[in-house]
Each structure stands twice: as structure tokens, then as C-alpha cells.
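Read off the chains here:
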Amino acid sequence: MMEVKRRTVRSLVNKLSSVSEQTQIEAICELRLMSKHDPESRSLIAESGVLPILTETLFSSSPTAQENAVATLLNLSISNRDLLMSTRGLLDALSHLLRLPSATPSSLQTASATLYSLLVVDQYRPIIGAKRDIVFALIDIIKNPNSPPRSIKDALKALFGISLYPLNRATMIDLGVVPALFALVVKDGRIGIVEDATAVIAQVAGCYESGDAFKKVSGIGVLMDLLDLSTGSSCRARENSVSGLLNLIQSGDEMVTEEVRKNCSSAALDGISDIAEDGSLKAKSKATSLLKILDGGEGIQDIHVREI
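Naming follows an unreviewed UniProt entry, where the chain appears as Armadillo of Macleaya cordata.

Here is the structure:
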């Protein structure tokens, strides 16, 4: 059975060198379907030498070829991340697609999702985060009022993966992620987007540069508003707000702590107490730590900087 699959893959890969563009596209479509529906075939495809061809196809003038090539790469990334990351020019090709004005929403979503899949691996986070053009392109997607919700959500997931590496956060701030994220929280009522945006905010808050960036967009006030139970924010958004405020304090100075205390209303305090009682295990611990700081029971010098 595996031999039959191997022969099929070889035949499809050979068709990719055809002079007929239609034949090439049909072969890529077949590889996409095979990699989607048959997990066993993924390694066979990844090891067939097709990865450089799929990577090059992201520069194609054919939207159909681009869509199917990047979807195949996403499917292959599930079990072949190392092979993808060692493919020369892969990140540049994904960056090109993300920044391409003519790219279809489907291609943008899939390129973002491919990055998120690769970012599952710790050691790839600094490599991808060092590609400023990729970070900029993802921020551009979440800033664009015409981006479909699915594109925004996939871009936010990729940004979340990038933000998990602490040294990437200052770069993200430098490229304008903070105003873009808070604009989504304040203006976007679509399901799940506020939750995903606050998840990235919570991570980005974990660097010294976040203090000034949050101040410029009244970010502390926005997070406090989310904690007010009367605003109807979801539990996940409120837990992310607690995490963001705590990370902001832990990575900032006494002025940041005072700013958080100053912005904390009794309604926000009730919201933090609610998370301390009924949140997830991790959120309970963070909410309890935040309450201690807001109560003045812990100075910034006493706070142990925890792993975010």
C-alpha cells in the first residue's frame, strides 16, 4: 500500500515540471487533497523533493496555484515541521504571500496558519520573529478593516506564537502591534477576535517596552474595562486582561504599577476577584497576585517574575 502511495506521489511531483501550467496546477491540487485526507502520505510528499517547488509556487502569478501550494505546505507542516523549516526560502515565500496585494483571503489565512503551525516548535520562534517583514505583514492584516474575520484570527494566532518568545515582543511593539491589537479590542465585536487579541496583548505586555506603548493607547484602561463584569466580556478575555496587567507590572517599573493602581475601578477589582475565585487554575493564581499588588501588599521589587 505504501509503495502505491509512493508511486502516486512520484508521478504527481513529476507533473510539476510539465510545460503545461494546467497540468502543474492539477498536480498541486491532487497533492493538497492527498496531504489533507491521508496523514500517512504527508511524510512521503515532504520527502519527495517537492518542498522547494511548492515554496517557489507561492511566487506564482496564479492565485489557484498559490492557494493550493500553501494549503499543501500547511498540511505537511503538521508532521514535517523540520523539513519545512530547512527548505530554503520558505519563510521569504510565506512573507511574500502575506504582503501580496492580490493574494486571496484563503491564501492569507493559510499562510498565517502555516506560520502558526511552525511556531509550535520553541526553537523556530526566534527565527520567525526575526523576520520583521513577516511580523509587519501579520500586523497589517489585523489592522486592515477589509480583512475577513478568519484572516484576522489566523494572523492573531501567528502573532501569539511569535510573542511566546520574549525577545520578539519589543520588535512587535516597534512595528506597531499594540495600537493594532487594542483597536481590535475596542472596535471589533466579532466572535473570538477580542479573546485572541487579548491573548496576544497579555504576552506582548511581558517586556519593558510595553509600558509606554500601552500608555499611548490607554491600554491599561481598556483592560480594566474588560474586567468590569457589566461590560459582558467573556471569561477568556477577562483572564487575558488579568494576565496582561500582571505581565505589564512584572516587566515594568514602579510608575507602571502606579498607573495600573490608578486606573483600577471598584468594578475592575470585582472582576479580578471573580477570576481569583472562579477562573482557570493558572488565572486564579495570576488574579490573586494582581490583587495583592493593587492592594499595595506587594511592591514591584517583591514580585517574582514568572514564566509567561
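Back to the text.
**Thoughts on the domain arrangement of the chain**
Parsing the chain into structural domains produces domain 1 (8-13 + 20-76), domain 2 (88-175) and domain 3 (177-294). Here the C-alpha centre of domain 3 lies 42 Å away from the C-alpha centre of domain 1.

**Topic: the environment of Gly 219**
Considering the arrangement of structural elements, one finds Gly 219 in helix H16 (residues 219-227). On the basis of relative accessible area, Gly 219 is assigned to the buried category, the value being 0%. Gly 219 has contacts with Phe 182 and Phe 214, leaving out every residue within four places of it along the chain.

**Re the nonpolar core**
Grouped together as the largest cluster of nonpolar side chains are 92 residues, with contacts concentrated most on Leu 115, Ile 128, Leu 138, Ile 142, Leu 156, Leu 159 and Val 260. For Leu 156, the residues in contact, after removing those within four places along its chain, are Ile 142, Leu 181, Leu 184, Ile 193, Asp 196, Ala 197 and Val 200.

**Comments concerning the packing of helix H1 (residues 2-15) against helix H3 (residues 39-46)**
One can describe the packing of H1 onto H3 by two numbers: an axis separation of 10 Å at closest approach and a directional angle of 50 degrees. Taken together, the axis directions place H1 and H3 in an arrangement best described as oblique. Once H1 is placed against H3, the crossing between them reads as right-handed. Between H1 and H3, the contacting residues are Met 2, Lys 5, Arg 6 and Val 9 on the first element and Glu 40, Leu 44 and Ile 45 on the second. Grouping the amino acids of the contact of H1 with H3 by side-chain chemistry returns four nonpolar, no polar and three charged.

**What about helix H8 (residues 105-118)?**
Counting along an α-helix, one turn takes 3.6 residues, and residues three or four places apart therefore face a common direction. The end-to-end C-alpha distance of H8, which contains 14 residues, comes to 20 Å, matching closely the 20 Å that a straight helix rising 1.5 Å per residue would cover. Of all 14 residues in H8, 11 are buried, a share of seventy percent or more. Considered for burial, the residues of H8 that qualify are Ser 107, Leu 108, Gln 109, Thr 110, Ala 111, Ser 112, Ala 113, Thr 114, Leu 115, Ser 117 and Leu 118.

**Focus on the packing of helix H19 (residues 266-278) against helix H20 (residues 281-294)**
Where H19 contacts H20, the axes come no closer than 7 Å and their chain directions differ by 140 degrees. On the basis of the axis angle, H19 is oblique to H20. You can see that H19 and H20 cross each other, and the crossing is left-handed. Contacts between H19 and H20 pair Leu 269, Ile 272, Ser 273, Ile 275, Ala 276, Glu 277 and Asp 278 from the former with Ala 283, Lys 284, Ala 287, Thr 288, Leu 290, Leu 291 and Leu 294 from the latter.

**Concerning unusual backbone geometry**
A positive phi angle is found at Ser 218, which is not glycine, with a value near 50 degrees. Tracing the sequence through the fold places Ser 218 in the loop between helix H15 (210-216) and H16.

**A closer look at the pattern of salt bridges**
A full pass over the atoms with the stated rule returns 14 salt bridges. With a shortest N-O distance of 2.6 Å, Lys 5 and Glu 40 are connected by a salt bridge. Of this pair, Lys 5 sits in helix H1 while Glu 40 sits in helix H3; the two residues are 35 residues apart in sequence, bridging distant segments of the chain. Judged by its relative accessible area of 11%, Lys 5 is buried. On the accessibility criterion, Glu 40 (48% relative accessible area) is partly exposed. Of the charged contacts in the structure, one is a salt bridge between Arg 236 and Asp 196, with a shortest N-O distance of 2.7 Å. Linking Arg 236 in helix H17 (residues 235-251) with Asp 196 in helix H14 (residues 193-204), this pair joins segments that are 40 residues apart in sequence. The network of salt bridges with shared partners includes Lys 5, Asp 38 and Glu 40.

Procedures and definitions
Within any chain, residue numbers begin from 1 and follow the written order of that chain's sequence. Where totals are concerned, whole chains, interfaces and linings use all residues; where local detail is concerned, this predicted model gives features only for residues with pLDDT of at least 70, and gives and counts side-chain atom pairs only at 80 or more. Side-chain measures here rest on the full set of heavy atoms in the structure, leaving out hydrogens and waters. Domain borders in the structure are assigned automatically or taken from a domain database. By definition, any uninterrupted DSSP run of H or I lasting at least four residues is a helix, any uninterrupted run of E lasting at least two residues is a strand, and each is numbered from the N terminus. Note on classification: 1.4 Å probe, protein chains only; a residue is buried when its accessible area is under 20% of the maximum for its type, exposed when over 50%, partly exposed between these limits. Residue contacts are defined here by distance: any two heavy atoms, one from each residue, within 4.5 Å place the two residues in contact. We call a set of buried residues a nonpolar core when its members are Ala, Val, Leu, Ile, Met, Phe, Trp, Tyr or Cys and they connect through side-chain atoms within 4.5 Å of each other. Angles here are taken between N-to-C directions and fall from 0 to 180 degrees, while the axes themselves are lines fitted to C-alpha atoms, restricted in helices to the stretch in contact. In what follows, roughly perpendicular refers to angles from 65 to 115 degrees, roughly parallel to angles under 35, roughly antiparallel to angles over 145, and oblique to any angle outside these ranges. Crossing handedness follows the turn of the near helix against the far one: under a right angle anticlockwise gives a left-handed crossing, and clockwise gives a right-handed one. For this scheme, ten residues count as nonpolar: Ala, Val, Leu, Ile, Met, Phe, Trp, Tyr, Cys and Pro. Four count as charged, namely Asp, Glu, Lys and Arg, and the remainder, Gly too, count as polar. One less than the residue count of a helix, multiplied by 1.5 Å, gives the span that helix is expected to have. When a carboxyl oxygen of Asp or Glu lies within 4 Å of a side-chain nitrogen of Lys or Arg, that pair is called a salt bridge.

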